[in-house]
Amino acid sequence: MILTVTLNPSVDRALEVDALVRGEVLRAGDSHIDPGGKGVNVSRALLANGLRSTAVVPTGGAEGDQLVDLLKGEGVDMLAVPIAGRTRSNITLAEPDGTVTKINEAGPVVSDAEFAQVSDAVLAVASAADWVVICGSLPPGPSIAAFADLCERLVAAGSRLAVDSSGPALLAGVAAGAALVKPNREELAEAVGAEPATLGDVIEACERLRAAGAGAVLASLGADGAVLVDADGVLCGVSPVPVPRSTVGAGDALLAGFLAGGARGSAALTEGLAWGAAAVSLPGSRMPTPADLDRTHVSVTPDPDPSRRLHP
Ligand SMILES: Nc1ncnc2c1ncn2[C@@H]1O[C@H](COP(=O)(O)OP(=O)(O)O)[C@@H](O)[C@H]1O
Ligand SMILES: O=P(O)(O)OC[C@H]1O[C@](O)(COP(=O)(O)O)[C@@H](O)[C@@H]1O
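Residues numbered from 1 in each chain as written. Chains lettered and ligands numbered in written order. Predicted model: local features only at pLDDT ≥ 70, side-chain atom pairs only at ≥ 80, totals over all residues. Heavy atoms only, no water.

What follows is about the site of ligand 1. Close to ligand 1 lie 18 residues; Lys182, Asn184, Ser220, Gly222 and Gly225 are nearest. Here an oxygen atom of ligand 1 sits 2.9 Å away from a polar atom, N or O, in the side chain of Asn184. Here Gly251 contributes a backbone N or O atom positioned 3.0 Å from an oxygen atom of ligand 1. In the complex, the protein chains occlude 84% of the 560 Å² of accessible area that ligand 1 would expose alone. Elements represented by at least two residues in the shell around ligand 1 include exactly helix 8 (250-260) and helix 9 (265-280). (Near = heavy atom within 4 Å. Polar contact = N/O pair within 3.5 Å; in protein donor to acceptor, adjacent residues only side chain to side chain. Areas by Shrake-Rupley, 256 points an atom, 1.4 Å probe, with all protein chains shown as cover. Helix = DSSP H or I, 4+ residues; strand = E, 2+ residues; numbered from the N terminus.)

Right, let's get into the packing of helix 8 against helix 9. Contact geometry for helix 8 and helix 9: axes closest at 7 Å, N-to-C directions at 150°. Regarding the angle of helix 8 to helix 9, the classification is roughly antiparallel. At the point where helix 8 passes helix 9, the crossing takes the right-handed sense. Residue-level contacts link Ala250, Ala253, Leu254, Ala256, Gly257, Phe258 and Ala260 of helix 8 to Ala268, Leu269, Glu271, Gly272, Leu273, Trp275, Gly276, Ala279 and Val280 of helix 9. (Axes fitted to C-alpha atoms, helices over the stretch in contact; angles between N-to-C directions. Parallel < 35°, antiparallel > 145°, perpendicular 65-115°, else oblique. Left-handed = near helix turned anticlockwise from the far one by under 90°. Contact = heavy atoms within 4.5 Å.)

Before going further, it helps to spend a moment on the sheet that holds strand 4 (residues 53-59). Judged by pairing direction, the sheet is mixed, and its ten strands sit side by side in the order 5-4-1-8-9-10-11-12-13-14 without closing on themselves. Pairing within the sheet leaves two strands with one partner each, and these edge strands are strand 5 (77-82) and strand 14 (299-301). Where strand 12 (residues 226-230) and strand 13 (residues 233-238) come together, five bridges link them in antiparallel fashion. Each residue of the ladder has a partner; that of Leu228, found in strand 13, is Leu235. Packing of helix 3 (residues 112-125) onto the sheet brings it into contact with strand 1 (2-6), strand 4, strand 5 and strand 8 (131-135), and relative to strand 5 it is tilted by some 150°. Against the sheet, helix 8 makes contact with strand 1, strand 8, strand 9 (161-164), strand 10 (180-181), strand 11 (216-220) and strand 12, and its axis sits at roughly 170° relative to strand 8, the strand it touches most. (Pairing = 2+ DSSP bridges.)

Buried residues dominate strand 12, accounting for five of its five residues. Residues of strand 12 alternate between two faces, with Ala226, Leu228 and Asp230 on one and Val227 and Val229 on the opposite face, all of them buried. As judged from the four bridges shared by strand 11 and strand 12, these two strands associate in the antiparallel manner. When the bridges of strand 12 are listed, Leu218 appears paired with Leu228. What sits between strand 11 and strand 12 in their antiparallel hairpin is a turn of five residues, with Gly222 showing a positive phi close to 55°. (Buried < 20%, exposed > 50% of the residue type's maximum accessible area, 1.4 Å probe, protein only.)

So, on to the pattern of salt bridges. Inspection of the entire model under this criterion finds ten salt bridges. The salt bridge partner of Arg86 is Glu63, with a shortest N-O separation of 3.5 Å. Of the two residues, Arg86 is situated in the loop between strand 5 and strand 6 (88-94) and Glu63 in helix 2 (residues 61-74); the sequence distance between them amounts to 23 residues. Relative accessible area serves as the criterion here: at 19%, Glu63 is assigned to the buried category. The closest approach of N and O atoms between Asp224 and Arg185, which form a salt bridge, is 3.9 Å. In this pair, Asp224 sits in the loop between strand 11 and strand 12 while Arg185 sits in helix 6 (residues 185-192), placing the two residues 39 residues apart along the sequence. Asp224 gets classed as buried once you look at its relative accessible area, which sits at 5%. Ionic contacts of the salt-bridge type, sharing partners, join the residues Asp34, Arg44 and Glu74 into one network. (Salt bridge = Lys/Arg side-chain N within 4 Å of Asp/Glu carboxyl O.)

Limitation: the analysis is restricted to geometry and does not speak to function.
Written out as structure tokens, the structure reads:
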């Protein structure tokens, strides 16, 4: 069983528009409402592929109730911790060429007492989980020290911890000795203070995060695929998608596929890339099912060209 923890979940509304024009009334085509937040999406992707997980989510207000209903509707096992604030709604505007514009709310304030309740709920069930996967932004309220403490307690208790977050929260996961971190390109750049231009730059940045405490680094690079750096060495892979439809949740699908594939080596990276590519081909933040997965277009190599330039 995988335990996902989304400290700042959301109700995600995706609208398809012909073209984004500032100051105009835009008429939406298709629209979707999905339960959202990065850990929630990992749980949804695992479930879509027949794998068990439990999603820990602080929830509050009408949107919190809606999130719980949406998760129930999809059959996601959850541990909802009530909070006083209102769960956020995030909006995605998707254009036909695959361009996605997202508006993410900051989210409700989570008080110290509420964060302690969430932490206790996680720690109470963590020992039964194969992985504890903490994903997404931190809500306003909890200090980085409190988040770092949760990560450290999980690692000390012997949990395999994965962290997919940004900024100080990502670095706290690294310093706590998370078994896996999953930064995207921007998060990696922020973590090491340098914008990667080549595959070699990405590999070097991943090695720096490993030196700082992370067991493995799975760096997702959008259309440039993903790089895995762990104790076994380096693997790079791509899975081209001719016409991306919505990249929302692609990183979450990649992470879920990587975990489902055993979290190690070429097979796991292939699985992650297949799930990521499939998510990009689906509308909104819909997570791929086995019927959506095509592993034949994935290529993974242990011997990448470090001078290969990333898309600008
Ligand atoms: N334009 C794209 N074409 C093909 N695959 C993509 C594209 N965008 C994302 N992906 C796939 O989804 C994964 C995660 O996307 P990325 O944008 O790096 O993560 P995040 O959603 O966390 O920002 C990538 O590693 C890749 O496998
Ligand atoms: O916690 P954050 O960073 O604000 O992100 C939350 C958003 O990320 C998502 O999980 C999508 O993730 P991606 O970044 O992988 O596209 C949405 O469901 C959610 O609205």
